[in-house]
Amino acid sequence: MSETQQAMAMLIRVFHKYSGKEGQKTTLSKGELKELLTNELGDILGKSNDKTAVDKIFKDLDANTDGTVDFQEYITLVACITMLCNEFFQEQ
Ligand SMILES: [Ca+2]
């Protein structure tokens, strides 16, 4: 597999690792999202033990307001953070 394909496969695997923990297997609950953010993106996003921060991210991510974060909403978040990282490194 190419590096890009590996990265895609990894993003898919990580989503399902957390989405499968409780409730619907194909979407992230707020608890699952918090766990994913803390474990996978904690060093970028900072320690978000702040409950209101998680609430806000969840609300912003849940574009269709169904109370869960689906794969499309998750991949949008990852894309946004990746863009911010890219801009950050270009400014160095
Ligand atoms: Ca949703």
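Keep in mind the model is a prediction, meaning the values are calculated, not measured.

### Here's the deal with the pattern of salt bridges
Then, in step 1: Evaluation of the coordinates by the stated rule reveals four salt bridges.
Then, in step 2: Notably, a salt bridge pairs Lys-17 with Glu-40, separated by 3.6 Å at the nearest N-O pair. Of this pair, Lys-17 sits in helix H1 (residues 3-19) while Glu-40 sits in helix H2 (residues 30-45); the two residues are 23 residues apart in sequence, bridging distant segments of the chain.
Then, in step 3: For the salt bridge of Lys-56 with Asp-60, the shortest nitrogen-to-oxygen distance reads 2.9 Å. One end of the pair is Lys-56 and the other is Asp-60, both in helix H3 (residues 51-61) and four residues apart, which spans about a single turn.

### A closer look at the coordination of the calcium ion
Then, in step 1: Here the calcium ion is held by Asp-62 (OD), Asn-64 (OD1), Asp-66 (OD), Thr-68 (O), Glu-73 (OE) and Glu-73 (OE), and the distances to it run 2.2 to 2.8 Å.
Then, in step 2: Classification of the site at the calcium ion as irregular follows from its six donor atoms and the range of 47 to 161 degrees in their angles at the metal.
Then, in step 3: Overall, Asp-62 belongs to the buried group, its relative accessible area being 7%.

### What to know about the packing of H2 against helix H4 (residues 71-90)
When two helices pack together, their arrangement is captured by the angle between the axes and the distance separating the axes.
Then, in step 1: Interaxial distance between H2 and H4 falls to 12 Å at its minimum, and their mutual angle equals 15 degrees. Put simply, H2 runs roughly parallel to H4. The two elements H2 and H4 cross, and the hand of that crossing is left-handed. In this structure, H2 contributes Leu-36, Leu-37, Leu-41, Ile-44 and Leu-45 to the contact, and H4 contributes Tyr-74, Leu-77, Ile-81 and Cys-85.

### A closer look at the environment of Val-14
Then, in step 1: Looking at the secondary structure, you find Val-14 in helix H1.
Then, in step 2: Residue Val-14 is classed as buried on the basis of its relative accessible area, which comes to 18%.
Then, in step 3: Measuring from C-alpha to C-alpha, the distance between Val-14 and Glu-3 comes to 16 Å, with eleven residues separating the pair along the chain.

About the cut-offs
- Residues numbered from 1 in each chain as written.
- Predicted model: local features only at pLDDT ≥ 70, side-chain atom pairs only at ≥ 80, totals over all residues.
- Heavy atoms only, no water.
- Salt bridge = Lys/Arg side-chain N within 4 Å of Asp/Glu carboxyl O.
- Helix = DSSP H or I, 4+ residues; strand = E, 2+ residues; numbered from the N terminus.
- Donors = N, O, S within 2.8 Å, 3.2 Å for Na, K, Ca; no water.
- Tetrahedral: all angles 85-135°; square planar, octahedral: opposite > 155°, others 65-115°.
- Buried < 20%, exposed > 50% of the residue type's maximum accessible area, 1.4 Å probe, protein only.
- Axes fitted to C-alpha atoms, helices over the stretch in contact; angles between N-to-C directions.
- Parallel < 35°, antiparallel > 145°, perpendicular 65-115°, else oblique.
- Left-handed = near helix turned anticlockwise from the far one by under 90°.
- Contact = heavy atoms within 4.5 Å.

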